[in-house]
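Read off the chains here:
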Amino acid sequence: MLHQPIRKVALILACVVSGASPSLAAEPGSATAPREALAQMASPDAIAEYRRRLAEYQQARAEFDQEAGAYWKAISDRRRIRNAKRRDRQPIGLDDYVLEQPPVYTGPKRPVNPEPEPEGEPRERKYIPVVADLLKAAQEHFQWSPQRPTNDTDFKRAYARFAAAAGLTREQAVRVYAFETGGNGRHDSQSGFKGNRAISTAIGYNQLLTTNTVELLAEQGPLFIRLLGERSAQASGPGRAAMEHKLAVLKKMVAIARSVPDDWSAHEKIGNTEQGWAMHAMVLDIDVGPMLQTHKLLTSVVFARTKGYTRPLSAAELEMMNLTGDGTGYDMVTMPMDMREQVPTANFFQRGGYERNPVAVRHNTVAKLLAVTDSRMDSLSSLAGAKELAAAF
């Protein structure tokens, strides 16, 4: 079963709300002031005052953490109850959710230590591959390069053909594309850069992570092989030779993806290797890329159907399943409308993920979160890239 880590919600949803915080100049005594200057300013009285304020902060924080711990334990307990009820096909009601919003820390801030503190070991930053790395890895590990489109319109047409044939509606595909890519994304658009450093491996119209690609190859690989084999049989000349080579590479990739348990963590381990980067290059291929992009969404549609949910998913509902994982998203989209207004979004997060997600905190009920997603889809669907994709259907 495809599973999307909830931490991705913070990355994608945070991008739907614009606005930047003003930068503040460092002042003496601020957290950003140089340690050397603070050391020169320190005095016995300053140190004593710091220790008094630190004790106050620690006590207030401990009291808050105890309250928050109880709240998030209740969130986990209710989630287990809902999962058990769903397995037993029992009805789920408001009592199965925590209806209070999470506690918010309002105590004193941690004071700045006027004395110099020993610096810890610098944490090694994990390198996130970019498209060039994927292409290089594909050559080195499989002696293959993805067939790139002459222009992005060609990729949109290929995606639209495959998505429509597979059962995605134009509304679902276009609005999810608009939300995920900002309305003008290319087939090789990568999510988020900090300077010249990538902050995610999410690529393409539906922003697949390396782990998504490995997992899709494992679960849908036999279908992809059959479809590509049919295209290869219809080709001729040099085009057929290239297609047969691509098919051979795809078979190798699928075998690797299926060599481990069908589990997110096992697929993530592959995705974090250069071999996994090479597999992720398939997202860029004009034949296999649309298959991967389509099935990233289609698995959520199929998941809902197998659970007995027959109403077509709106694009915003599909996006919730796409971002948070099928199980968590299904919990939200099957909720009656009147309950959506009352159930806090905190019910669908772990504590850390929620506290790092300003959009889920600000739009703090299921109804509000779906509404802001719909609103951004409305806005971004009017941009040129989204209009071009809509025209391709």
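Provided above is the structure to which this section pertains.
Residues numbered from 1 in each chain as written. Predicted model: local features only at pLDDT ≥ 70, side-chain atom pairs only at ≥ 80, totals over all residues. Heavy atoms only, no water.

Draft legend 1. How the structure looks around the overall build of the protein. A tally of regular secondary structure across the protein gives 18 helices and 2 strands. Residues classed as buried in the protein amount to 48% of the 393 residues present. Across the protein, contacts joining residues at least 24 apart in sequence account for 74% of those joining residues at least 6 apart. In the structure as shown, the protein presents an accessible area of about 19,800 Å², 52% of it carried by carbon and sulfur atoms. (Helix = DSSP H or I, 4+ residues; strand = E, 2+ residues; numbered from the N terminus. Buried < 20%, exposed > 50% of the residue type's maximum accessible area, 1.4 Å probe, protein only. Contact = heavy atoms within 4.5 Å. Areas by Shrake-Rupley, 256 points an atom, 1.4 Å probe, with all protein chains shown as cover.)

Draft legend 2. Focus on the pattern of salt bridges. By the definition in use, this model includes 25 salt bridges. Taking the shortest distance from any N to any O, the salt bridge between Arg-80 and Asp-77 comes out at 2.4 Å. Highlighted residues: Arg-80 and Asp-77, both in helix α3 (residues 44-87), separated by 3 residues, approximately one helical turn. Asp-77 gets classed as partly exposed once you look at its relative accessible area, which sits at 24%. Through salt bridges with shared partners, a single ionic network connects Arg-61, Asp-65, Arg-351 and Glu-355. (Salt bridge = Lys/Arg side-chain N within 4 Å of Asp/Glu carboxyl O.)

Draft legend 3. Quick peek at the side chain of Arg-82. Take Arg-82: it is sitting in helix α3. Polar side-chain contacts of Arg-82 include one of 2.8 Å to the side chain of Asp-331. Beyond its immediate chain neighbours, meaning those up to four positions away, Arg-82 contacts Ile-92, Asp-96, Tyr-97, Asp-331, Asn-347 and Phe-348. (Polar contact = N/O pair within 3.5 Å; in protein donor to acceptor, adjacent residues only side chain to side chain.)

Draft legend 4. Broad picture of the packing of helix α5 (residues 152-166) against helix α11 (residues 289-306). Contact pair α5 / α11: the axes reach a minimum separation of 9 Å and the direction vectors enclose 45 degrees. Relative to α11, the element α5 lies oblique. Taken as a pair, α5 and α11 cross one another with a handedness that is right-handed. On α11, the residues touching Phe-155, Ala-158, Tyr-159, Phe-162, Ala-163 and Ala-166 of α5 are Gly-289, Pro-290, Met-291, Gln-293, Thr-294, His-295, Leu-297 and Leu-298. Its residues placed into classes, the contact of α5 with α11 shows 10 nonpolar, 4 polar and no charged. (Axes fitted to C-alpha atoms, helices over the stretch in contact; angles between N-to-C directions. Parallel < 35°, antiparallel > 145°, perpendicular 65-115°, else oblique. Left-handed = near helix turned anticlockwise from the far one by under 90°. Nonpolar A, V, L, I, M, F, W, Y, C, P; charged D, E, K, R; others polar.)

Draft legend 5. Here's a closer look at the packing of aromatic side chains. As enumerated under the stated definition, the model contains 12 aromatic pairs in all. Note on Tyr-57 and Tyr-105: the rings are 6.4 Å apart at their centroids and 85 degrees apart in plane angle, and the pair reads as edge-to-face. Placement of the pair is Tyr-57 in helix α3 and Tyr-105 in the loop between α3 and α4 (131-142), with a sequence separation of 48 residues. Ring centres of Tyr-97 and Phe-348 lie 6.2 Å apart, and the angle between their planes is 55 degrees; this geometry places the pair in the tilted category. (Phe/Tyr/Trp six-rings, centres within 6.5 Å; stacked < 30°, edge-to-face > 60°.)

Draft legend 6. Region of interest: the environment of Pro-344. Along the chain, Pro-344 turns up in the loop between α14 (337-340) and α15 (351-355). Considering only alpha carbons, one finds Pro-344 and Leu-99, 245 residues apart in sequence, at a separation of 6.2 Å. Residue contacts for Pro-344: discarding those within four places in its chain leaves Val-98, Leu-99, Glu-100, Gln-101, Asn-364 and Thr-365.

Draft legend 7. How the structure looks around unusual backbone geometry. Here the phi dihedral of Gln-143 falls at roughly 50 degrees; this positive angle occurs in a residue that is not glycine. Locating Gln-143 in the fold gives a position in the loop between α4 and α5. Phi is positive for Gln-207, which is not a glycine, with a value near 50 degrees. Tracing the backbone through its elements, the reader meets Gln-207 in the loop between β2 (197-198) and α7 (210-234).

Draft legend 8. Structural view of the side chain of His-280. Here His-280 shows up in helix α10 (residues 274-280). Residue His-280 is classed as buried on the basis of its relative accessible area of 1%. The contact partners of His-280, leaving out residues within four places of it in the chain, are Leu-134, Thr-201, Ile-203, Leu-208, Leu-209, Thr-210 and Thr-213.

Draft legend 9. Spatial organisation of α4. Here α4 contains 12 residues, and its C-alpha end-to-end distance of 16 Å stays within 8% of the 16 Å for a straight helix at 1.5 Å per residue. Along α4, the residues classified as buried are Val-131, Asp-133, Leu-134, Ala-137, Ala-138 and Phe-142. Seen along its axis, α4 keeps its buried residues to an arc of 150 degrees; they face one direction. Away from the buried face of α4 by more than 90 degrees, exposed residues Ala-132 and Lys-136 are located. On its buried face, α4 is in contact with α8 (237-257) and α10. Taken from the residues just after α4, Gln-143 is the one with a positive phi, measuring 50 degrees. (Expected span 1.5 Å × (residues − 1). Arc of directions from axis to C-beta.)

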